[in-house]
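Here's the letter readout for the chains.
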Amino acid sequence: MNTIQFGIEVIDENCTGCYRCERACPTEAIVMVGPKTAAVAVVDHEKCIACMRCIDACDDDALRSINRDEPALNDVDLSHVDHEAVKDMCRAADMSPSHLICPCAGRSAQEVAAAILQGAGTYEELSLRIGVQSGCLMYCSVPLRRLLLAGTGDARTDSKVRRYASDQSLMDINPELDARYPLFNVGLEQQWRLNEIAEADVDL
């Protein structure tokens, strides 16, 4: 369970209407309001997961973090999903259920799959439901795409956030390439784990 203690406040007089914060927000919680040449950022606090990506993107000191009056929670209950369906989705996406999808939020493939089975069918809905994409977006974009495609058949988005359209995953890493860079130790380990799961009926 993730507890969201913070929110975002806009300092209107500092906002230059550059749109960078809008393009950085994974849940579309920030939109620019007003004429294009004089727009000001507005935050929908119901959609904000306090990832702070907007603050990082803003060069004008127009955004700051604030304490929420009431903390918000995002979570997924694995006890209320079909475990076989979760494993099937992970296999279809070439991932182990325990594979860490989003290091920033600490979310695994099985948690993402469970959220999809419970109705989160877009990148934005997954962010709101379980907090994925709450940081760098470097590690989770492709695995999320694979799981969305496996679970819903669709991974399109109208969001302004830049995401990678590649379908490559760790399962696609050539063993020779993996051996050439042993420091990373990613490809063969994940392939081995998936094969182990395929051969045994592992409980989530």
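Note that the structure is predicted; figures quoted are calculated from it, not measured.

S.K.: Any details on the overall build of the chain? Residues and values, ideally.
M.R.: A tally of helices and strands in the chain yields 8 helices and 6 strands. Taken from the N to the C terminus, the helices and strands of the chain come in the order β-α-β-β-α-β-α-β-β-α-α-α-α-α. Burial status across the chain gives 44% buried among its 204 residues. Sequence-distant contacts, at least 24 apart, represent 64% of the contacts inside the chain between residues at least 6 apart. When the accessible area of the chain is evaluated, it comes to approximately 11100 Å², of which 50% is carbon and sulfur surface.

S.K.: Summarise the pairing of strand 2 (residues 30-33); cite the residues concerned and give the values.
M.R.: Alternating residues of strand 2 divide into Ile30 and Met32, all buried, and Val31 and Val33, none buried. Relative to strand 3 (residues 40-43), strand 2 runs antiparallel, the two being bridged by 4 bridges. The partner of Met32 across the bridge, within strand 3, is Ala41. From the end of strand 2 to the start of strand 3, which pair antiparallel, there are 6 residues, and Gly34 there has a positive phi angle of about 115°.

S.K.: Any chance you could break down a nonpolar patch on the surface for me, citing the residues and the numbers?
M.R.: Nonpolar side chains collect at one region of the surface, where Val31, Val33 and Val42 lie side by side and expose about 210 Å² of accessible area between them. Along the chain, Val31 turns up in strand 2.

S.K.: I'd like a rundown of the packing of aromatic side chains, residues and numbers included.
M.R.: A complete count under the given rule lists 0 aromatic pairs for this structure. The positively charged end of Lys36 is found above the aromatic ring belonging to Tyr19, 6.0 Å away from the centroid.

S.K.: Tell me about unusual backbone geometry, and please be specific about residues and values.
M.R.: Within the chain, Ala50 stands out as a residue other than glycine whose phi angle is a positive 55°. Its place among the elements puts Ala50 in the loop between strand 3 and helix 2 (53-57).

S.K.: Can you break down the packing of helix 3 (residues 83-92) against helix 6 (residues 141-152) residue by residue, with the values?
M.R.: Following both chains from N to C, one finds helix 3 and helix 6 inclined at 125°, their axes separated by 8 Å at the closest point. Considering the angle they form, helix 3 stands oblique to helix 6. Crossing of helix 3 over helix 6 shows right-handed handedness. On the side of helix 3, the interface is formed by Met89, Cys90 and Ala92, while helix 6 contributes Leu147, Ala150 and Gly151. Split into classes, the residues belonging to the contact of helix 3 with helix 6 amount to 5 nonpolar, 1 polar and no charged.

The rules we used
Residues numbered from 1 in each chain as written. Predicted model: local features only at pLDDT ≥ 70, side-chain atom pairs only at ≥ 80, totals over all residues. Heavy atoms only, no water. Helix = DSSP H or I, 4+ residues; strand = E, 2+ residues; numbered from the N terminus. Buried < 20%, exposed > 50% of the residue type's maximum accessible area, 1.4 Å probe, protein only. Contact = heavy atoms within 4.5 Å. Areas by Shrake-Rupley, 256 points an atom, 1.4 Å probe, with all protein chains shown as cover. Pairing = 2+ DSSP bridges. Patch = residues over 30% accessible without salt bridge, like charges linked within 9 Å, V, L, I, M, F, W, Y side chains within 5 Å. Salt bridge = Lys/Arg side-chain N within 4 Å of Asp/Glu carboxyl O. Phe/Tyr/Trp six-rings, centres within 6.5 Å; stacked < 30°, edge-to-face > 60°. Lys NZ or Arg CZ within 6 Å of the ring centre and 35° of its normal. Axes fitted to C-alpha atoms, helices over the stretch in contact; angles between N-to-C directions. Parallel < 35°, antiparallel > 145°, perpendicular 65-115°, else oblique. Left-handed = near helix turned anticlockwise from the far one by under 90°. Nonpolar A, V, L, I, M, F, W, Y, C, P; charged D, E, K, R; others polar.

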